[in-house]
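One-letter residues, chain by chain:
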Amino acid sequence: MTHIQSSILDWLVTSGLKILLIIIVSIIVYWLVKVAVKKIIKMVIAQGFGISNHLKEKQKRIETISAVVTKTGAIIIISAASIMILSELKVNITPLITGAGIVGLAIGFGSQALVKDSVTGLLILLENQYLEGEEIKINSYQGKVEEITLRKTTLRDSDGNLIFIPHGQIKTVINLSRKEEEDKIKI
């Protein structure tokens, strides 16, 4: 066995296994987060936290909030796993983390709109103003809600156009899917 083959084999046995373990653990943690988030949100909503007793509406809300929290968890898990893998590949991550911190600070000062969008998005979800699949009117835009994230709502209008509305720009919301008769039945 040559020196190069021996070095490769040593790397595979040490760093290669560690990288594989990082990937496997990341997948398991993501799966656990996904399952736990859905169960926790289901329990909170089952207790009646800010929502009617309508089963279909509860299910939509569980799916919407679960998707937002799971996507956020996935970003955090992928970022942490990437840093650990780079470290295992002997990449000096100190400048990367320092640079990310400086860039994050600069972005933080300039991203007040992003923070406003995220806080408003969280309140929209908690207050159950609208859910994915419902027909709504936001400001002057009307359509079916295709996606809600912490930062924006995506609508599909009657012409098939996709409209992206940052939550910080929302002034009024009319939920066309929830009629007064339906609300009276739920009470």
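In what follows, the structure referred to is the one given above.
Counting restarts for each chain: residues are numbered from 1 in the order of the written sequence. With pLDDT at 70 or above as the cut-off, local features in this predicted model cover only qualifying residues; side-chain atom pairs require 80 or more to be listed or tallied, and sums for whole chains, interfaces and linings still use all residues. Note that the side-chain values use all heavy atoms of the structure and ignore hydrogens as well as water.

Looking at the overall build of the chain
- Numbering goes from the N terminus for both helices and strands, where a helix is a DSSP run of H or I of at least four residues and a strand is a run of E of at least two. Tallying secondary structure elements over the chain gives five helices and five strands in all.
- Along the chain, helices and strands appear, N-terminal first, in the series α-α-α-α-β-β-β-β-β-α.
- Throughout, exposure labels follow a simple rule: accessible area from a 1.4 Å probe, protein chains only, divided by the maximum for the residue type, with under 20% read as buried, over 50% as exposed, and the rest as partly exposed. Each of the 187 residues in the chain was classed as buried or not, and the buried ones make up 28%.
- Excluding contacts between residues fewer than 6 apart, the proportion of contacts in the chain whose partners are at least 24 apart in sequence is 55%.
- All accessible-area figures derive from a Shrake-Rupley calculation using a 1.4 Å probe, and residue coverage is judged against the displayed protein chains alone. Surface accessibility of the chain: about 12300 Å² in total, with carbon and sulfur atoms responsible for 68%. Contacts were defined at the residue level, with two residues in contact if any of their heavy atoms lie within 4.5 Å.

Thoughts on the pattern of salt bridges
- Take a side-chain nitrogen of Lys or Arg and a carboxyl oxygen of Asp or Glu: if they are within 4 Å of each other, that pair is a salt bridge. Under the definition given, this model contains four salt bridges.
- One network of salt bridges, in which partners are shared, links Lys71, Glu147 and Lys152.

Section: unusual backbone geometry
- The phi dihedral of Lys90 falls on the positive side, at around 65 degrees, and the residue is not glycine.
- Here Lys90 is to be found in the loop between α2 (55-88) and α3 (93-110).
- Classification of Lys90 by relative accessible area gives exposed; the value is 68%.

Quick word on the sheet that holds strand β3 (residues 152-156)
- In short, DSSP must find at least two bridges between two strands for them to pair. Overall, antiparallel pairing links the five strands, which are arranged β4-β3-β2-β1-β5 in an open sheet. Of all strands in the sheet, those bounded by a partner on one side alone are β4 (162-166) and β5 (173-175). Geometrically, the sheet is characterised by an average inter-axis angle of 40 degrees between neighbouring strands, direction not taken into account.
- As defined by bridge partners, strand β2 (residues 141-148) adjoins β3 across four bridges and the pair is classed as antiparallel. Bridging from a neighbouring strand, Val145 pairs with Leu155 of β3. Note on method: axes are straight lines fitted to C-alpha atoms, helices fitted across the in-contact stretch only, with angles between N-to-C directions ranging 0 to 180 degrees.

So, the pairing of β4
- Only one face of β4 is buried, namely the one carrying Ile163 and Ile165, since none of Leu162, Phe164 and Pro166 on the opposite face is buried.
- Here β3 folds back onto β4, and the loop between the two strands holds five residues, one of which, Gly160, carries a positive phi near 90 degrees.

Overview of the pairing of strand β1 (residues 135-138)
- With burial as the criterion, only one face of β1 is covered, namely that bearing Ile136 and Ile138; the residues Glu135 and Lys137 on the opposite face remain uncovered.
- Relative to β2, β1 runs antiparallel, the two sharing four bridges. Bridged to Lys137 within β2 is Gln142.
- Between β1 and the antiparallel strand that follows it, β2, lie two residues; Asn139 among them carries a positive phi value of about 55 degrees.

Focus: the side chain of His167
- The residue His167 is located in the loop between β4 and β5 in this model.
- With sequence-adjacent residues up to four places away left out, His167 is seen in contact with Asp117, Thr120, Gly121, Ile124, Tyr130, Ile148, Thr149, Leu150, Arg151, Lys152 and Thr153.

Comments concerning the environment of Val173
- Within the secondary structure layout, Val173 lies in strand β5.
- In this structure Val173 comes out as partly exposed when scored by relative accessible area, which is 28%.
- C-alpha separation for the pair Val173 and Gln142, spaced 31 residues apart in sequence, amounts to 9.6 Å.
- Sequence-distant contacts of Val173, that is, excluding residues within four places in its chain, are made with Gln129, Tyr130, Lys137 and Ile138.

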